[in-house]
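Topology and contacts: notes
Residue strings, one per chain:
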Amino acid sequence: MAEFIENHKAFLTPLSPIHIGCGEDFEPTDYVIRENVLYGFDPASVPLTSRERGELASCALKRTLQGWARFFKRHEASFYAFASTAVPVCGRVARNYKRMIETTDQRNYKRMIETTDQRNDNVIQRSAYVKTMEGDLVYFPGSSLKGAFHTALLDKLKPRAPETLRRAKSHLDRAIFRGEFASSPMRLLKIGDFMPMAPASPIQTRICDVSRVYKNSGTENGKEIPSVFETVNPGQYRAAQSEIAVLTQKIGSESDQPISEFDLAEAVKALHAYNLRKFSDGQRCWGSWTGAAEWARSVQTLLRGLAPKIAAGKVALIHIGKNQGADCLTLRDGVAQIYNRQKKVYQESAATVWQCQSGGTVYPFGWAILEIDAEADEPSIKKWCDSFGRPEFDYAGNRRNRMEKQKQILEQIEKERLAAAAQEEAERQEKEAEARRQEKLLSLSENQRAAEELTARMEAVSVIKPVDPLFREVLEFLRMACEWPLEDQKFCAERPGPLLKRKGMYVGKHEKELKTLLRRLRQEVK
């Protein structure tokens, strides 16, 4: 059976903060916050000096989160330089981190985190990312967008749902698509991951406080542990791009066959219609949020300007990522209702909604514009993004600064390594020389060893003056050596003898005696 693939280029522009998690967290043991920027790193990959390694070993013995965090903060100049990611943080996150670092009383710290917004122990949920030579790059998994298409198509194609489908989500594909998910038209849709336009222009993110509030009152549930997420910043024009592939198959149109064709344009229209309704519903609770009403009106104005492309299935409003709320899984007419565990009842919409504060505005999560097969820039979207102003954080400049600091640290560590290696080599040579000297001493007679030891003491000083005790000791030693056997006399003349002149001992009345003693030892006179 013939198969054909249609490839479509796609762009994604975030309209509000988006968080798609990866199952990993930033923890105080693998990040530091420096000047309101979080630097995430792998502690095992950061080279340390010998002093820093000693401190690290001491922290390991104490086994406290604060101890580790303080160690990294003390040496933040080293760790931030080797960070694989740098993310601006909101003020409250920075203050909580500082409070953790500066609180020295462990009991007070435990009481503090139990009664403040710091109960999450400074753990921050990461966005999905990939590791590259340029550092960690945030991206949008294609599976998130495919899930959004799936829900929108179910909503469009669903029949008048029987009562059993109002509460069961597991049979929707079978009832609506006439087949399981694996044999539904969704198998014909392949969406690649949405990656940054270029590694040098990463998707910009920010560490933000998030909270879940009741729709009817806008108040938070005080029992929940406060959450902190890494979120994608809104207003990044075409922040990411990908390819969407559609497999076209003709396998018959009998009523008992699964749906076998996928019309991407119609799917995009369904996606927009589904999310536009969710957007309109959401505005009823966003009105009291700071800046949210103005933001929503600007999005509506943008969508009106895009109406021709929306009608053609080239542009859609999309809702993706974590914290969309359970409403993103419900369909019209009460299909796939939400089970309220607290009240133990089914309901058509969620009672709460997530919000995120960024740049003075409180946003709903996860809204974006999806463009399909855009041939040129879209001025209306670009103008909307320009209203956010220039990015507050210079990712490229920050990375250059870190690379320069990293170079300096590596050079310093290499300098210390070479110095340590040189010292080690000098000590090794000194030990070898001492071993050879000791071996030589063992082969000498008792008189010769005495002469060798005197020579070593004479070499240790620069000048030997007549008033020095060593001067008198050398003179007496030479007098005594004249009584030794001939072989020992010659050894004494060859070892300490030449040092008499070099150490300035030929002075005054002693010069003549010293020279005479040296000649006797050489057997030149009797």
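Residues numbered from 1 in each chain as written. Predicted model: local features only at pLDDT ≥ 70, side-chain atom pairs only at ≥ 80, totals over all residues. Heavy atoms only, no water.

**A closer look at the overall build of the chain**
Check the secondary structure of the chain and you find 17 helices and 19 strands. Counting the 526 residues in the chain, one finds 45% classified as buried. Counting only contacts in the chain whose residues sit at least 6 apart along the sequence, the fraction spanning at least 24 positions is 77%. For the chain, the computed accessible surface area is about 28,000 Å², with 50% contributed by carbon and sulfur atoms. (Helix = DSSP H or I, 4+ residues; strand = E, 2+ residues; numbered from the N terminus. Buried < 20%, exposed > 50% of the residue type's maximum accessible area, 1.4 Å probe, protein only. Contact = heavy atoms within 4.5 Å. Areas by Shrake-Rupley, 256 points an atom, 1.4 Å probe, with all protein chains shown as cover.)

**Thoughts on the sheet that holds strand E3 (residues 31-34)**
In sheet architecture, strand pairing relies on hydrogen bonds along the backbone and comes in two forms, parallel and antiparallel. Overall, antiparallel pairing links the 3 strands, which are arranged E3-E4-E5 in an open sheet. Looking at which strands have only one partner, the edges of the open sheet turn out to be E3 and strand E5 (85-88). Sheet twist, expressed as the average angle between the axes of neighbouring strands with direction ignored, equals 25°. In the sheet, strand E4 (residues 37-40) pairs with E5 via 4 bridges, with the strands oriented antiparallel. When the sheet's bridge partners are listed, Val37 is paired in E5 with Pro88. (Pairing = 2+ DSSP bridges. Axes fitted to C-alpha atoms, helices over the stretch in contact; angles between N-to-C directions.)

**Notes on the pairing of strand E17 (residues 352-358)**
Counting buried positions over the 7 residues of E17 gives 5, a clear majority of the element. Where E17 lies against strand E18 (residues 361-364), 4 bridges are found, and the strand directions are antiparallel. Directly across from Ser358, in E18, lies its bridge partner Thr361. Once E17 ends, the chain turns through 2 residues before running back antiparallel as E18, passing Gly359 with a positive phi of about 60°.

**Looking at the pairing of strand E14 (residues 315-319)**
Counted residue by residue, E14 has 5 buried out of 5 residues, so it is predominantly covered. Here E14 shows no split at all, with Val315, Leu317 and His319 on one side and Ala316 and Ile318 on the other all buried. Pairing geometry for E14 and strand E19 (residues 367-372), over 5 bridges, is antiparallel. The residue bridging Ala316 from the neighbouring strand is Leu370, located in E19.

**So, the packing of helix H6 (residues 142-157) against helix H8 (residues 264-286)**
Viewed as axis vectors pointing N to C, H6 and H8 meet at an angle of 85°, and their least axial separation amounts to 8 Å. With respect to each other, H6 and H8 are oriented roughly perpendicular. In this structure, H6 uses Ala148, Phe149, Thr151, Ala152, Leu153, Asp155 and Lys156 to contact H8, whose residues at the interface are Leu264, Glu266, Ala267, Val268, Ala270, Leu271, Tyr274 and Arg277. Broken down by class, the residue content of the contact of H6 with H8 amounts to 10 nonpolar, 1 polar and 4 charged. (Parallel < 35°, antiparallel > 145°, perpendicular 65-115°, else oblique. Nonpolar A, V, L, I, M, F, W, Y, C, P; charged D, E, K, R; others polar.)

**Things to note about the nonpolar core**
Of all hydrophobic cores here, the largest spans 36 residues; its most connected members are Phe140, Phe149 and Leu370. Those elements that place two or more of their residues in this core are strand E1 (4-14), H6, strand E9 (189-191), strand E13 (240-248), H8, E14 and E19. With 6 residues, the single largest contributor to this core is H8. Here Leu370 is in contact with Ala10, Phe11, Leu12, Leu145, Phe149, Phe194, Leu271, Lys314, Val315, Ala316 and Ile318, once residues within four sequence places are set aside. Formed by 35 residues, the second largest nonpolar core is a distinct cluster that contains Cys59, Val93, Ile101 and Val228. (Core = buried A, V, L, I, M, F, W, Y, C linked by side-chain atoms within 4.5 Å.)

Keep in mind that these numbers describe shape and distance, not what the molecule does.
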